[in-house]
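Given next are the chains, with one letter for each unit.
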Amino acid sequence: MHSRVWNNAKLGVLNVVSRTKRRMIGPHVEALLVSSKNGLFLVDVEDQTVGRKLSYNGEYGLDELARLQSAISPQSHVLVVGTHIGTIAVAISKHCAQLTAIEANPKTFRFLELNLLINACANVRAINIAASDKREAIQFVMNRTNSGGSKRLPVHRDYAYFYDSPEVISVNAVPLDELLAGQSFEAILMDIEGSEYFALKGMQTLLASARVLFMEFVPHHLKNVSGVSVPELLSTVTPHFSHLFIPSKNLRLSQEQFVPALQGMFDNDESDDGLEFSK
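My aim in this report is to walk through the structure given alongside it, one point at a time. Being a predicted model, the structure only gives us computed values, none of them experimental. (Residues numbered from 1 in each chain as written. Predicted model: local features only at pLDDT ≥ 70, side-chain atom pairs only at ≥ 80, totals over all residues. Heavy atoms only, no water.)

As for the overall build of the protein chain
Looking only at helices and strands, the protein chain has 12 helices and 14 strands in total. Against the 2.2 N^0.38 benchmark of 19 Å for 279 residues, the protein chain shows a C-alpha radius of gyration of 18 Å, consistent with a compact globule. Taken along its principal axes, the extent of the C-alpha atoms in the protein chain is 50 × 50 × 35 Å. With 279 residues in all, the protein chain has 51% of them scored as buried. Taken as two groups, the 26 positive and 29 negative side-chain charges of the protein chain have centres that lie 5 Å from each other. (Helix = DSSP H or I, 4+ residues; strand = E, 2+ residues; numbered from the N terminus. Rg over C-alpha atoms; globule rule 2.2 N^0.38 Å. Buried < 20%, exposed > 50% of the residue type's maximum accessible area, 1.4 Å probe, protein only. Lys, Arg positive; Asp, Glu negative; His and termini not counted. Charge placed at Lys NZ, Arg CZ, Asp CG, Glu CD.)

Here's the deal with the packing of aromatic side chains
According to the stated counting rule, one finds 4 aromatic pairs in the structure shown. Residues Y197 and F198 carry aromatic rings whose centres are separated by 5.5 Å and whose planes lie at 75° to one another, so their mutual orientation is edge-to-face. Considered together, Y197 and F198 belong to a single accessibility category, that of buried residues. When the ring of F241 is compared with that of F277, the centres are 6.4 Å apart and the planes differ by 45°; the resulting orientation is tilted. Within this pair, whereas F241 is found in the loop between helix 11 (230–234) and strand 12 (243–246), its partner F277 is found in strand 14 (residues 272–278), the two being separated by 36 residues in sequence. Among the aromatic residues, ring-to-ring pairing joins F241, F258 and F277 into one connected group. Taking the ring centre of Y56 as reference, the NZ or CZ of R52 above it sits at 4.6 Å. For R252, the ring lying beneath its charged end belongs to F245, and the centroid distance is 4.2 Å. (Phe/Tyr/Trp six-rings, centres within 6.5 Å; stacked < 30°, edge-to-face > 60°. Lys NZ or Arg CZ within 6 Å of the ring centre and 35° of its normal.)

Section: the nonpolar core
L79, L262 and F277 are the most contacted members of the largest nonpolar core, which has 40 residues in total. In this structure F277 touches R211, V212, L213, M215, L234, V237, F241, H243, L244, F258 and L262, once residues within four positions along its chain are discounted. Ranked by size, the runner-up nonpolar core spans 30 residues in total, among them V78, I85, L116 and A187. (Core = buried A, V, L, I, M, F, W, Y, C linked by side-chain atoms within 4.5 Å. Contact = heavy atoms within 4.5 Å.)

With respect to the sheet that holds strand 4 (residues 98–103)
With respect to topology, 8 strands assemble into an open sheet ordered 5-4-3-10-11-14-12-13, the strand pairing being mixed. Looking at the sheet topology across the chains shown, the edges are occupied by strand 5 (124–128) and strand 13 (251–254). Ignoring which end each strand starts from, the neighbouring axes of this sheet average 15° apart. Across 5 bridges, strand 4 lies against strand 5 in parallel orientation. Across the sheet, the residue bridging to A101 is A126, located in strand 5. (Pairing = 2+ DSSP bridges. Axes fitted to C-alpha atoms, helices over the stretch in contact; angles between N-to-C directions.)

Brief notes about a nonpolar patch on the surface
On the surface, a cluster of nonpolar side chains totalling about 460 Å² of accessible area is made up of L33, L40, L114, L117 and I118. In terms of residues, the nonpolar patch owes the most to one element, helix 5 (residues 106–118), which gives 3 residues. Within the secondary structure layout, L114 lies in helix 5. The partly exposed category is assigned to L114, whose relative accessible area is 40%. (Patch = residues over 30% accessible without salt bridge, like charges linked within 9 Å, V, L, I, M, F, W, Y side chains within 5 Å. Areas by Shrake-Rupley, 256 points an atom, 1.4 Å probe, with all protein chains shown as cover. Salt bridge = Lys/Arg side-chain N within 4 Å of Asp/Glu carboxyl O.)

Comments concerning the sheet that holds strand 8 (residues 151–152)
Reading across the sheet, the 4 strands line up as 6-9-7-8 and stay open at both edges, with mixed pairing between neighbours. Each edge of the sheet is formed by a strand with only one pairing partner; in this case those strands are strand 6 (130–131) and strand 8. In this sheet, strand 8 lies alongside strand 7 (residues 136–142) in antiparallel orientation, the contact comprising 2 bridges. Note that in strand 8 the partner of V141 across the bridge is K151.

Focus: helix 3 (residues 62–70)
Three or more residues of helix 3 are buried, namely E64, L65 and L68. Along the axis of helix 3, the buried residues cluster in a sector spanning 100°; they form a single face. Exposed and facing more than 90 degrees away from the buried side of helix 3 are D63 and S70. Those residues of helix 3 that are buried lie in contact with helix 4 (87–93), strand 10 (187–190), strand 11 (212–217) and strand 14. (Arc of directions from axis to C-beta.)

Some points on the pattern of salt bridges
Taken as a whole and judged by the stated rule, the model has 9 salt bridges. One salt bridge connects K37 with E59, and the closest N-O pair in it is separated by 3.3 Å. One end of the pair, K37, is in the loop between strand 1 (31–36) and strand 2 (39–44); the other, E59, is in the loop between helix 2 (50–57) and helix 3, and 22 residues separate them in sequence. Residue classification places E59 among the partly exposed positions, given a relative accessible area of 27%. Counted as one network, the salt bridges with shared partners bring together D133, K134, E136 and K201.

Notes on the pairing of strand 7
Looking at chain direction, strand 7 and strand 9 (residues 167–174) are connected through 7 bridges and run antiparallel. Bridge pairing links Q139 to S170 in strand 9.

This is a description of form; function is not addressed.
Put into structure tokens, the structure is as follows:
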């Protein structure tokens, strides 16, 4: 209980910082230009997560990048679902043949397109669409203080998803098997803030041909955003992958260990930025 109150207080502070930064810089500034180890990026003025880390640390997700890079070759085709402003996609595009970038947030997608241009990413195809298990329009929460946390409308309206008074809009969603029919990808990276279950259901053909899947695991996203259980989530993955690596625990597991390991993490509210499923 105390941890939850403290986390909510921190979110409130970040929101104040974001609004103060906006007032100081001016209402007509859309983005700041940041030079980082990931590349050159236009970042949202109000973003206090990815944008802040790039601005102050000069890098973002380098450990994740190293794991992804080790799983691909210069001939690889890579799919990134939930590309945000492109910090991972821009960097990894230098190490593969082709990269397809899926991003649902229309505002973030504008930054993504510009960042692909200024980094000369000629081998990247960017698509502004949400991934789901059927063709539909979904309600989408456009967070400001953490734009990378934008997501489909949660089934439970937790304070953590609405503390920065986000706009809620309608976005189009499609199954990726339909959108990318006839294509295959050696590696798939997914970071879509709780929509993983729906996206995975809609890309079973793509998963069947992929060699590796990297996916964020966040218990409160399962509980509050998608409203599914760990076994339900894993039912979309286990037909296609036989091994799992959990970086935060440095743990390698066989398929029969998937459910108990991730259920334990779920019960203890333990997240991981990039579970690695492989054949």
